[in-house]
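Letter by letter, the chains look like this.
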Amino acid sequence: MKTLISARDVEELLRKGGNLDSLPTDAIYTPSAIDLIRDSKNGKVSQPVVQAKSESGAPAPASAIPKASAPAAELEKYFNSPEVHALKELICGVGHRLWQRNYVDGNGGNISIRLSDELVLCTPTLVSKGALKPADLCLVDMEGKQLAGVKPRTSEVLMHLQIMKAQPKAKACVHAHPAHASAFAVAGIEPPTCMMPEYEVFCAVAVAPYRTPGTPEMGKLIAELVDKHNTILMANHGVVAWSHNSVEEAYWRMEIIEAYCRTIVIASQLGKPMSGFSSKHLQDLLAIKKKLGFVDPRFDLKECELCDNSEWNPGINCQIPTEKPVAAESSAEAEQLVKTITDMLVAKMKG
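Parameters and conventions
Residues numbered from 1 in each chain as written. Predicted model: local features only at pLDDT ≥ 70, side-chain atom pairs only at ≥ 80, totals over all residues. Heavy atoms only, no water. Helix = DSSP H or I, 4+ residues; strand = E, 2+ residues; numbered from the N terminus. Buried < 20%, exposed > 50% of the residue type's maximum accessible area, 1.4 Å probe, protein only. Areas by Shrake-Rupley, 256 points an atom, 1.4 Å probe, with all protein chains shown as cover. Pairing = 2+ DSSP bridges. Axes fitted to C-alpha atoms, helices over the stretch in contact; angles between N-to-C directions. Disulfide = S-S within 2.5 Å. Contact = heavy atoms within 4.5 Å. Arc of directions from axis to C-beta. Phe/Tyr/Trp six-rings, centres within 6.5 Å; stacked < 30°, edge-to-face > 60°. Lys NZ or Arg CZ within 6 Å of the ring centre and 35° of its normal. Core = buried A, V, L, I, M, F, W, Y, C linked by side-chain atoms within 4.5 Å. Salt bridge = Lys/Arg side-chain N within 4 Å of Asp/Glu carboxyl O.

Some remarks on the overall build of the protein chain
Broken down by element type, the protein chain carries eleven helices and ten strands. The buried share of the protein chain, reckoned over its 351 residues, is 45%. If you sum the accessible surface of the protein chain, you get close to 18600 Å²; carbon and sulfur atoms cover 56% of it.

Here is the structure:
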C-alpha cells in the first residue's frame, strides 16, 4: 500500500529542517500537500504554524482561555492575543485558498475554529474570502452571540455551532460552494463509492435537505448527520466539512470532494462504464480511515455492501455471489423423461 503524504506531513518535515527532495516519489499526495510543496520550493511559504503558541512559545494553556461570561476587556485581550492571531492567520489562509480555487464567490463561504467549549473564532458576514484579514474575524459563544470583533459575524456560524454541539470532536468547520460538488448537492445525488482512494479515506459524505441558509433548521438537519459523516452536501446550496484535527484538514475535504465530483462528472461523459476497485480494497482504506480517527457509517458493513452504487447511473452494482446452481440432469435422461411423459399423454388421449 502506497504512503499517503498530507500537508501536515510536509509541514512537519519543514519544521524539522528537512529537505523536500527527501519525500518519496511513489507516495500519494493530497492536493494541499502538493500546493505546499510547490509554494515552499518557490519561496512563498515560511515555516507553517499549526498550533497556537503563547508569548513564551509554549502551547497556550487551557486556563488562559476565558469563559464566555468573562468581562468584555478580558475577552478582547484574549481575542487579540498572539495565539488567537495565529489562528486568525490560518483562517485567512484557508479563505484565500477557497477564493483562489473558485470554491466561493462574492462573499460566500464561512470558516470557524473551536477555541474552547465556550468560544469559537469565525469569519464575518459580507466579506470576500479572497480579501479576508485577521482584523475581520469574530469571536462568538456557542449560542452565536458575538463577544469580540469589529465586523458582524456570519449568520451561518449557527450551523457551525450546531455541528460542534452535535459532534464534540469537531474542532473546525469550512463551508464553501465548489461547483462540481455543489452540482451533486443540487441534484441531490450522493457521489458513488469505490473509485478513488483519497476520497474514501478523507471524506464520509451525506446529503442534507435544503433549508434557508443561516437558519436553525438548516443547522439542525446537518447536525443530525455529523455523527458518522464529516462532509455534508447541502441540497441546493454547497458543502460543509468538519475536522477533529484542524481547519486545514477541514479545508482538505473541500478540495478532495470537489476534485472527486469533477472527476466523476468527466468520467461519466467518456462513453464507457466507470470501473471501481473491489470492496476488499475499500475495507483496506476504511481500516486506514479508522486508524486516523475519522468517522464513517460503513465501518460495520459487510464486504458486499461497501461498494453498492445501485442508485448511481451509470454505476457499479454490488456483486452478490449467487447460489451454486443445481446440477442439471444429463441430456439422455432428459430426453427419456420427455418421451415417457409424451407417451403417457398420447395413451390417455386414445383412451
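Read on for the rest.
Considerations on the sheet that holds strand E7 (residues 172–176)
Taken in spatial order, the eight strands make up an open sheet running E6-E5-E4-E3-E7-E10-E9-E8, and their pairing is mixed. Unpaired on one side and paired on the other, strand E6 (146–148) and strand E8 (205–208) mark the two borders of the sheet. Neighbour-to-neighbour, the strand axes of the sheet open up by a mean angle of 25 degrees, direction not taken into account. Note that strand E5 (residues 138–141) and E6 share two bridges and pair antiparallel. Following the sheet pairing, Val-140 is matched in E6 by Gln-146.

Some thoughts on the state of the cysteines
Evaluation of the coordinates by the stated rule reveals one disulfide. With no disulfide of its own, Cys-122 lies 4.8 Å from the sulfur of Cys-138, the closest cysteine sulfur.

Considering the side chain of Glu-200
Residue placement: Glu-200 occurs in helix H7 (residues 197–202). Apart from the residues within four sequence positions on either side, Glu-200 is in contact with Thr-193, Cys-194, Met-195, Phe-277, Leu-282, Leu-285, Lys-289, Asp-296 and Arg-298.

What to know about helix H1 (residues 7–15)
Considered for burial, the residues of H1 that qualify are Ala-7, Val-10, Glu-11 and Leu-13. Within H1, the buried residues cover an arc of 160 degrees as seen down the axis, which keeps them to one side. Positive phi appears at Gly-17, one or two residues downstream of H1, with a value of about 80 degrees.

Quick word on the pairing of E5
Alternating residues of E5 divide into Cys-138 and Val-140 and Leu-139 and Asp-141, and every residue in both groups is buried. What sits between the antiparallel neighbours E5 and E6 is a turn of four residues, in which Gly-144 has the positive phi angle 95 degrees.

With respect to the pairing of strand E4 (residues 119–122)
Residues Leu-119 and Leu-121 of E4 are buried on one face, and the alternating residues Val-120 and Cys-122, pointing to the opposite face, are buried as well. When strand E3 (residues 110–114) meets E4, the two strands line up antiparallel, connected through three bridges. Paired with Ser-112 across the bridge in E4 is Cys-122. Turn length for the E3-E4 hairpin, with the two strands adjacent in sequence and antiparallel, is four residues. Bridge count between E4 and E5: four bridges; the pairing is antiparallel. From the neighbouring strand, Leu-119 faces E5, where its bridge partner is Asp-141.

Remarks on the environment of Val-201
By secondary structure assignment, the location of Val-201 is in helix H7. Distance from Val-201 to Phe-294, taken between C-alpha atoms, is 8.2 Å for residues 93 residues apart in sequence. The residues contacting Val-201, other than those within four sequence positions of it, are Leu-285, Ile-288, Lys-289, Leu-292 and Phe-294.

Some points on the packing of aromatic side chains
If you walk through the whole model with that rule in mind, you get three aromatic pairs. Both rings, one in Phe-202 and one in Trp-252, keep their centres 5.9 Å apart while their planes meet at 90 degrees; by these two values the pair is edge-to-face. Here Phe-202 is found in helix H7, whereas its partner Trp-252 is found in helix H9 (residues 247–267), with 50 residues between them in sequence. Judged by its relative accessible area of 3%, Phe-202 falls in the buried class. Measuring from ring centre to ring centre gives 5.6 Å for Phe-202 and Phe-294, while their planes differ by 45 degrees; the resulting arrangement is tilted. With a gap of 92 residues between them, Phe-202 in helix H7 and Phe-294 in the loop between helix H10 (279–291) and helix H11 (331–350) connect regions that are remote in the sequence. An aromatic cluster is built from Phe-202, Trp-252 and Phe-294, whose rings are joined through pairwise contacts. A cation over an aromatic ring shows up here: Lys-88 above the ring of Phe-79, its NZ or CZ 3.6 Å from the ring centre. For the cation-ring pair, Lys-290 lies above Phe-299, with the distance from its terminal atom to the ring centre recorded as 5.4 Å.

So, the nonpolar core
Counting residues in hydrophobic clusters, the biggest one holds 69 residues, and the most contacted among them are Leu-98 and Ile-257. With eleven residues, the single largest contributor to this core is H9. Apart from the residues lying within four places of it in its own chain, the contact partners of Leu-98 are Tyr-103, Val-104, Ile-111, Val-174, Ala-176, Tyr-251 and Met-254. Core analysis: the second largest hydrophobic core is formed by 22 residues, Met-159, Ala-208, Ile-232 and Val-240 among them.

Some details on the pattern of salt bridges
Taken as a whole and judged by the stated rule, the model has twelve salt bridges. With its nearest N and O atoms 3.0 Å apart, the salt bridge here joins Asp-136 to Lys-151. Here Lys-151 lies in the loop between E6 and helix H5 (157–166) and Asp-136 lies in the loop between E4 and E5, a separation of 15 residues in the sequence. For Lys-151, a relative accessible area of 29% translates into the label partly exposed. Two residues, Asp-296 and Lys-289, come together in a salt bridge whose shortest N-O distance is 2.6 Å.

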